[in-house]
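Chain by chain, the residues run as shown.
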Amino acid sequence: MHKPGTHRRIALLICDVPADTIREQHGDYTRIFGALLEESLKPINETRSADLQTTFTLEPFDVRAQVYPGDDEYDAMLITGSASTAHEYEQPGREWMKKLIEYVRIVATEKPRIKIFGICFGHQIVALAMGGTCVRNTRFEVSATKLQLTELGKRVYGVESGVLNIHLMNRDHVPTEPPSFHVLASSSQSPNHGMVLFSQSESSKDAPHSNFRLTDIHILTSQGHPEFTESIMHLLLHLRRELLGPELVHDGESRAGNQHDGVAVIGKAIWGVMGVE
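Rules and cut-offs
- Residues numbered from 1 in each chain as written.
- Predicted model: local features only at pLDDT ≥ 70, side-chain atom pairs only at ≥ 80, totals over all residues.
- Heavy atoms only, no water.
- Helix = DSSP H or I, 4+ residues; strand = E, 2+ residues; numbered from the N terminus.
- Rg over C-alpha atoms; globule rule 2.2 N^0.38 Å.
- Buried < 20%, exposed > 50% of the residue type's maximum accessible area, 1.4 Å probe, protein only.
- Pairing = 2+ DSSP bridges.
- Contact = heavy atoms within 4.5 Å.
- Axes fitted to C-alpha atoms, helices over the stretch in contact; angles between N-to-C directions.
- Phe/Tyr/Trp six-rings, centres within 6.5 Å; stacked < 30°, edge-to-face > 60°.
- Expected span 1.5 Å × (residues − 1).
- Arc of directions from axis to C-beta.
- Parallel < 35°, antiparallel > 145°, perpendicular 65-115°, else oblique.
- Nonpolar A, V, L, I, M, F, W, Y, C, P; charged D, E, K, R; others polar.
- Core = buried A, V, L, I, M, F, W, Y, C linked by side-chain atoms within 4.5 Å.
- Salt bridge = Lys/Arg side-chain N within 4 Å of Asp/Glu carboxyl O.
- Polar contact = N/O pair within 3.5 Å; in protein donor to acceptor, adjacent residues only side chain to side chain.

Draft legend 1. Structural detail: the overall build of the chain. Each helix and strand in the chain was counted, giving 9 helices and 10 strands. Its C-alpha radius of gyration of 18 Å places the chain within 12% of the 19 Å reference for a compact globule of 277 residues. When the backbone C-alpha atoms are referred to their principal axes, the chain occupies close to 50 × 40 × 35 Å. Counting across all 277 residues of the chain, residues that qualify as buried make up 55%.

Draft legend 2. Inspection of the sheet that holds strand β6 (residues 163–173) at higher detail. Taken together, 3 strands build an open sheet; the order of strands is β6-β5-β8 and the sheet is antiparallel. Strands at the two margins of the open sheet, each flanked by one partner only, are β6 and β8 (185–186). Bridge count between strand β5 (residues 135–149) and β6: 10 bridges; the pairing is antiparallel. In the strand pairing of β6, serine 143 is matched with leucine 168. The sheet strands contacting helix α6 (residues 230–239) are β5 and β6, and the helix crosses β6 at an angle near 30 degrees.

Draft legend 3. How the structure looks around the packing of aromatic side chains. As enumerated under the stated definition, the model contains 6 aromatic pairs in all. Consider the rings of tyrosine 68 and tyrosine 103, whose centres lie 4.5 Å apart with planes at 45 degrees: the pair is tilted. With a gap of 35 residues between them, tyrosine 68 in the loop between β2 (55–62) and β3 (76–79) and tyrosine 103 in helix α3 (residues 95–110) connect regions that are remote in the sequence. Both residues of the pair, tyrosine 68 and tyrosine 103, count as buried. Their ring planes at 35 degrees and their centres at 5.8 Å tell us that tryptophan 96 and phenylalanine 121 sit as a pair that is tilted. Of this pair, tryptophan 96 sits in helix α3 while phenylalanine 121 sits in helix α4 (residues 121–130), and the two are 25 residues apart along the sequence. Exposure class is identical for tryptophan 96 and phenylalanine 121. Each is buried.

Draft legend 4. The arrangement of α3 in detail. Between its terminal C-alpha atoms α3 stretches 22 Å, which fits the 22 Å expected from 16 residues at 1.5 Å a residue. Of the residues making up α3, those classed as buried are Trp96, Met97, Leu100, Ile101, Tyr103, Val104, Val107 and Ala108. Buried residues in α3, looked at end-on, bunch into an arc of 165 degrees, giving them a common side. Away from its buried face, by an angle of more than 90 degrees, α3 presents the exposed residues Thr109 and Glu110.

Draft legend 5. Structural view of the packing of helix α2 (residues 29–45) against helix α9 (residues 262–273). In the contact formed by α2 and α9, the axes pass within 8 Å of each other and the chain directions differ by 80 degrees. Viewed along their axes, α2 and α9 adopt a mutual orientation that is roughly perpendicular. In this structure, α2 uses Leu36, Leu37, Glu39, Ser40, Leu41 and Ile44 to contact α9, whose residues at the interface are Gly262, Val263, Gly267, Lys268, Ile270 and Trp271. Looking at the contact of α2 with α9 residue by residue, the classes come out as 7 nonpolar, 3 polar and 2 charged.

Draft legend 6. Spatial organisation of the sheet that holds strand β4 (residues 115–119). A sheet is described by the order of its strands in space; here 7 strands give the open sequence β2-β1-β3-β4-β10-β9-β7, paired in mixed fashion. This sheet does not close on itself; its edge strands, each paired only once, are β2 and β7 (182–183). Note that β7 and strand β9 (residues 194–198) share 2 bridges and pair antiparallel. Bridging from a neighbouring strand, histidine 182 pairs with valine 196 of β9. Across the sheet, α2 is in contact with β1 (7–14), β2, β3 and β4; its angle to β2 comes to roughly 160 degrees. Of the strands in this sheet, β1, β2, β4 and β10 (217–222) touch α9, which is tilted by about 160 degrees from β10.

Draft legend 7. Looking closely at the nonpolar core. By size, the foremost hydrophobic cluster in this structure holds 56 residues, and its most contacted members are Tyr157, Leu220 and Trp271. Here the element with the most residues in this core is α2; it accounts for 7 residues. The residues touching tyrosine 157, leaving out its near neighbours within four places in the chain, are Leu149, Leu164, Leu184, Leu220, Thr221, Val265, Ile266 and Ala269. If you look at the next biggest cluster of nonpolar residues, it comprises 33 residues, including Tyr103, Ala108, Ile116 and Met130.

Draft legend 8. Main features of the pattern of salt bridges. In the structure shown here, the tally under the stated rule is 12 salt bridges. Arginine 9 serves as the salt-bridge partner of aspartate 71, at 3.2 Å between the closest nitrogen and oxygen. Here arginine 9 lies in strand β1 and aspartate 71 lies in the loop between β2 and β3, a separation of 62 residues in the sequence. Two residues, aspartate 172 and arginine 136, come together in a salt bridge whose shortest N-O distance is 2.7 Å.

Draft legend 9. Fine view of the side chain of aspartate 172. By the secondary structure assignment, aspartate 172 is in strand β6. The exposure class of aspartate 172 is buried, given its relative accessible area of 7%. A distance of 2.7 Å separates polar atoms of two side chains, one belonging to aspartate 172 and the other to arginine 136. Apart from the residues lying within four places of it in its own chain, the contact partners of aspartate 172 are Thr85, Ala86, His87, Gln124, Cys134, Val135, Arg136, Asn137 and Gln223.

Below is the structure:
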């Protein structure tokens, strides 16, 4: 177990590049996810003395170019979102996705010390790597949305109300979670908006009903985007106006400024899984 104030080394598996307008205002995915981790770590560090501060490095790897970590001395790896379609990994030109699925499977099964986080496309890749399914949904889900947490989701995220507010931008979803995974949240359209796999010591079927620490979680995923902001969502809705249609774009824009729990809830949980609370 990590001692307070130690350093965390995180591998960021980059699965896409933000659109130019987003990159100009908010930076690349390393900067965007770095901001999420920094902002969610700040209130934790504020409760600690100077000699017990937690620091981290976020090291990017462009998996589309099949660039992967050269060693396994990481505390965690985080798989980003992507405009690509995860369940099309068997199609020509998608070899990088097939390799990513296999890589995630190997890390998850052979290197259990490394925590795994999957966001949107990353959530779907984890599902495919571990034996779940990913398919096209009937319509897009966009913008700040209220999700219903399961009983386990309430405990993992520390949200007694049972409602998680998170930015969405997805049409694909995971209708069937992999074996031994537990669903954390759902929407009216998608039954699985995030899931966890406990470490082997906590992998029994009654694990969600027993006492556990966040550090007992091996894999944590979110279909929603904790790294998004109101500004990023407005830019995305504008960029995808033709794809989404005017009605959904208008609806999404009306909700983009609503409560978003990316930093305060999901970011905090990510750090908790890494032993920083």
